[in-house]
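Observations on the model geometry
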Amino acid sequence: MSARTQPRPRPASARAVDTRLPWWALALPALAFVALLTLILNPVDAHAAVGEPVTARLMERLQQLLAR
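Thresholds, definitions, all that
- Residues numbered from 1 in each chain as written.
- Predicted model: local features only at pLDDT ≥ 70, side-chain atom pairs only at ≥ 80, totals over all residues.
- Heavy atoms only, no water.
- Helix = DSSP H or I, 4+ residues; strand = E, 2+ residues; numbered from the N terminus.
- Buried < 20%, exposed > 50% of the residue type's maximum accessible area, 1.4 Å probe, protein only.
- Areas by Shrake-Rupley, 256 points an atom, 1.4 Å probe, with all protein chains shown as cover.
- Axes fitted to C-alpha atoms, helices over the stretch in contact; angles between N-to-C directions.
- Parallel < 35°, antiparallel > 145°, perpendicular 65-115°, else oblique.
- Contact = heavy atoms within 4.5 Å.
- Nonpolar A, V, L, I, M, F, W, Y, C, P; charged D, E, K, R; others polar.

This next bit is on the overall build of the protein chain. Along the protein chain, the regular secondary structure elements total two helices and zero strands. Relative to its 68 residues, the protein chain shows a buried fraction of 1%. For the protein chain, the computed accessible surface area is about 7,300 Å², with 63% contributed by carbon and sulfur atoms.

Listed below in structure tokens is the structure:
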């Protein structure tokens, strides 16, 4: 008796797959980044911090470099 063989899989088509992101897939991470950046740059409620925080100095330096 002969065993049944599996049919060969069809080759994938040469067409490229069209994948698109919705607009909010880019907008929401960008909005979250801007919101967190503004919280870091404006630490109004950080009364317990002693001295100048390192992140504030880093962001100040980054602003100076980007302003050039």
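The next point concerns the packing of helix α1 (residues 23-41) against helix α2 (residues 54-67). Relative to each other, α1 and α2 sit at 115°, their axes nearing to 9 Å. Here α2 runs roughly perpendicular to α1, going by the angle between their axes. For the pair α1 and α2, the contacting residues are Leu37, Ile40 and Leu41 in the first and Thr55, Met59 and Gln63 in the second. Of the residues assigned to the contact of α1 with α2, the class counts are four nonpolar, two polar and no charged.

A word on the environment of Ala56. Its place among the elements puts Ala56 in helix α2. The spacing of Ala56 and Asn42 is 14 residues in sequence and 8.6 Å in space, taken between C-alpha atoms.

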